[in-house]
Amino acid sequence: WDNADFSRGVGTTFYQEFSTLNTAKPPFVRDVEEKVRRYLRSSYSAAWTLKITWEKAPVYAAWTDTRKTITYQAVLTTDGFRSYILMLYQDGGMQWDYTRLTSTNVLIGYT
């Protein structure tokens, strides 16, 4: 969730919260539940989900190049007992030129 630079007016970040404890679940939440079930081979019913999208995000520092952007999402979800995160990247993966980043220890995902 680091090293995106929106200071040049390129790209945007937005989020959407889904509180589904006692309500009908929209297709997005049903899809998240299906992914968790498939990846973990266990039952899962989301009570809350948060989708954060970084759309056309340029790499830090944007003053060097705003042409290479990336769209990616983090989806946080919980059933109230277990919590999961899905890291979703546009087709083709990360498009930033990591050789031009100020930091050399670059990771995609989380640790």
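Calculation criteria
- Residues numbered from 1 in each chain as written.
- Predicted model: local features only at pLDDT ≥ 70, side-chain atom pairs only at ≥ 80, totals over all residues.
- Heavy atoms only, no water.
- Helix = DSSP H or I, 4+ residues; strand = E, 2+ residues; numbered from the N terminus.
- Polar contact = N/O pair within 3.5 Å; in protein donor to acceptor, adjacent residues only side chain to side chain.
- Phe/Tyr/Trp six-rings, centres within 6.5 Å; stacked < 30°, edge-to-face > 60°.
- Buried < 20%, exposed > 50% of the residue type's maximum accessible area, 1.4 Å probe, protein only.
- Core = buried A, V, L, I, M, F, W, Y, C linked by side-chain atoms within 4.5 Å.
- Pairing = 2+ DSSP bridges.

Things to note about the side chain of T49
- By the secondary structure assignment, T49 is in strand β2 (residues 48-58).
- Polar contacts involving the side chain of T49 include one to the side chain of T77, which spans 3.0 Å.

Observations concerning the packing of aromatic side chains
- Applying the stated criterion across every chain yields a total of four aromatic pairs.
- Centre to centre, the rings of F18 and F28 are 5.3 Å apart; their planes meet at 25°, and the pair counts as stacked. Taken together, the residues span a long stretch of sequence, with F18 in strand β1 (residues 12-19) and F28 in helix α1 (residues 27-40) at a distance of ten residues.
- By relative accessible area, which is 21% here, F28 ends up partly exposed.
- Centre to centre, the rings of Y44 and Y84 are 5.3 Å apart; their planes meet at 85°, and the pair counts as edge-to-face.

Considering the nonpolar core
- Among the nonpolar cores identified, the biggest contains nine residues, and these are L50, I52, W54, A57, V59, I70, Y72, A74 and W96.
- Here this core gets four residues from one element, more than from any other, and that element is β2.
- V32, Y44, A46 and V75 belong to the second-largest nonpolar core, a separate cluster that totals eight residues.

Notes on the environment of A4
- Positionally, A4 belongs in the segment before β1.
- A C-alpha to C-alpha distance of 5.1 Å links A4 and Y60, two positions 56 residues apart in sequence.

Details of unusual backbone geometry
- Located in the positive-phi region is R41, a residue other than glycine, with phi close to 50°.
- Looking at the secondary structure, you find R41 in the loop between α1 and β2.
- You will see that K56, though not glycine, has its phi angle at about 50°, which is positive.
- Within the element layout of this structure, K56 appears in strand β2.

Considering the pairing of strand β3 (residues 69-78)
- Here β2 pairs with β3 via nine bridges, running antiparallel. Bridge assignment links A57 to a residue of β3, and that residue is I70.
- Here β3 pairs with strand β4 (residues 83-89) via seven bridges, running antiparallel. The partner of T77 across the bridge, within β4, is Y84.
- In sequence, β3 turns back onto β4 through a hairpin of four residues, with G80 there showing a positive phi of about 100°.

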